[in-house]
Amino acid sequence: MVLNTLFIESLSNFAHGLSSAFFIYFGINLAFFRGTNRPLQVLGYLFCLWGVQNVKDLLLYVDSVSESYYYSTLLLSFDMWAVPFCALFLLEILYPGFFSLKRVVQFELPLVLLTAGFATTGASAFYVGSVIYMALFCLVVVLFIVSKVRNYNRFMRENYSYTERVNVRWLINSMIILALCLLLWLYTCTHISHLGDLVYYTTSTLLWSVVLYYSLRQEWIPALSENDAAPEDEPVEPLRNGMSLIGQRLEEYIREKELFLNAKLSLNDLATEMGTNRSYLSNCLNNELGVTFYDFINSFRLERAKSLLGDAAFGGSIEETALLSGFNSVSTFRRSFQKKYGCTPSQYRRQRGD
């Protein structure tokens, strides 16, 4: 039993050191050596804070600190400062430029004041207030981000012809990860043991590694300028048969120039190519044609893919078919093809061969 306890304690200490090294290393790397990528920079600041808090926990190995209600509670109060920083990271993704020193102060100030109140008086009401603030803060942030993720992904489909590595559905998983880390933290606070510490440090490091993976592979899209109103010096186009001049020549222009073969074609790219305004194209697609830019461009790609698969002289693989049709993801190609034609690309090829 003694050996098992010592082994778990050693594993816990090792996990603690490894977790601290993970957050500090990647935190410094992201915050100071990744250029001007703001979301990754904010994640780096968050990792640095998380690493410092892990190092701060070394004080709990001192008996006089861990056995003191005042000092142990004060250290736990500092842990909660990471929660607003997590929210700032998530919001920076949805709203590029959201992160600022002013917002850091606004988000962190209540916790700082409550921690200072406990530090000066030792009254447990300040610590309870910190826990309540953290819980309410998390609830508000989760509800807000869930609603905004849907809007963000719709915005991507209206402005980009691809969604791979630009959609932010993984943010929902990130919030689940944050919730799990908080639950583990609460458990280790109420059930102090080396086993609990081992589970917390190991799990939190693995979970944040997942966030780091998705963040590094994410294609960060800067905020587009919303010039929804037509420029004053450019007259609104007249409608013919319920469709503007742009709407009448849009399909023909894309087919003629084969713009859909650009796997990363955006609405801005198309507007520049046609010498028009993005807001006109957006209005045409959404209101006249009733389709998103993503679905509109992919319809041309699917037609090209169908043509290639039906050509007996074409012996390319499904992957080659996807690339030659303008898709940059084979999985997206397969999913879109089956949705439109009711069969997989391989099944369609076999049917045409029979």
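Provided above is the structure to which this section pertains.
Described below are features of the structure shown in this document. These figures come from a predicted structure and were not determined experimentally.

1. Quick notes on the nonpolar core
And then number 1: In this structure, Leu43, Trp50 and Trp208 are the most contacted members of the largest nonpolar core, which totals 62 residues.
And then number 2: Here the element with the most residues in this core is helix H5 (residues 82-94); it accounts for eleven residues.
And then number 3: Beyond its immediate stretch of four places on either side in the chain, Trp208 contacts Phe22, Phe23, Leu43, Leu46, Phe47, Trp50, Cys86, Ile177 and Cys181.
And then number 4: Leu250, Leu281, Phe296 and Phe300 belong to the second-largest nonpolar core, a separate cluster that totals 19 residues.

2. A word on empty space enclosed by the protein
And then number 1: What the rule picks out here adds up to three cavities of 30 Å³ or more.
And then number 2: Counted as a void, the largest cavity has a volume near 60 Å³.
And then number 3: Along its surface, the largest cavity is lined by Val83, Ala87, Leu90, Phe137, Cys138, Val141, Val142, Met175 and Leu178.
And then number 4: Ranked by residues supplied to the lining of the largest cavity, first place goes to helix H7 (residues 124-159) with four residues.

3. Thoughts on the packing of helix H8 (residues 170-190) against helix H9 (residues 194-217)
A packed helix pair is summarised by two numbers, namely the angle formed by the two axes and the spacing between the axes.
And then number 1: Two numbers describe how H8 lies on H9: the axes approach to 10 Å, and their chain directions differ by 165°. Taken together, the axes of H8 and H9 are roughly antiparallel relative to one another. In this structure, H8 meets H9 at a crossing whose hand is left-handed. Residues Trp170, Ser174, Ile177, Leu180, Cys181, Leu184, Trp185 and Thr188 of H8 lie in contact with H9, whose contacting residues are Gly196, Asp197, Val199, Tyr200, Thr203, Ser204, Leu207, Trp208, Val210, Val211, Tyr214 and Ser215.

4. Describing the pattern of salt bridges
And then number 1: Counted under the stated rule, the structure contains nine salt bridges.
And then number 2: The shortest N-O distance in the salt bridge between Glu219 and Lys264 comes to 3.2 Å. Placement of the pair is Glu219 in the loop between H9 and strand S1 (239-240) and Lys264 in the loop between helix H10 (245-257) and helix H11 (267-274), with a sequence separation of 45 residues.
And then number 3: The exposure class assigned to Glu219 is partly exposed, which follows from its relative accessible area of 24%.
And then number 4: For Glu303, the salt bridge identified is with Arg255, shortest N-O distance 2.9 Å. One end of the pair, Glu303, is in helix H13 (residues 293-309); the other, Arg255, is in helix H10, with 48 residues separating them in the sequence.
And then number 5: A network of salt bridges, in which partner residues are shared, links Lys56, Asp57 and Asp79.

What counts, and at which threshold
Residues numbered from 1 in each chain as written. Predicted model: local features only at pLDDT ≥ 70, side-chain atom pairs only at ≥ 80, totals over all residues. Heavy atoms only, no water. Core = buried A, V, L, I, M, F, W, Y, C linked by side-chain atoms within 4.5 Å. Buried < 20%, exposed > 50% of the residue type's maximum accessible area, 1.4 Å probe, protein only. Helix = DSSP H or I, 4+ residues; strand = E, 2+ residues; numbered from the N terminus. Contact = heavy atoms within 4.5 Å. 1 Å grid on protein atoms, 1.4 Å probe; cavity = no way out; pocket = protein on both sides within 12 Å on 5 of 7 lines; lining within 4 Å. Points joined across faces, edges and corners; volume = space filled by probe spheres on them. Axes fitted to C-alpha atoms, helices over the stretch in contact; angles between N-to-C directions. Parallel < 35°, antiparallel > 145°, perpendicular 65-115°, else oblique. Left-handed = near helix turned anticlockwise from the far one by under 90°. Salt bridge = Lys/Arg side-chain N within 4 Å of Asp/Glu carboxyl O.

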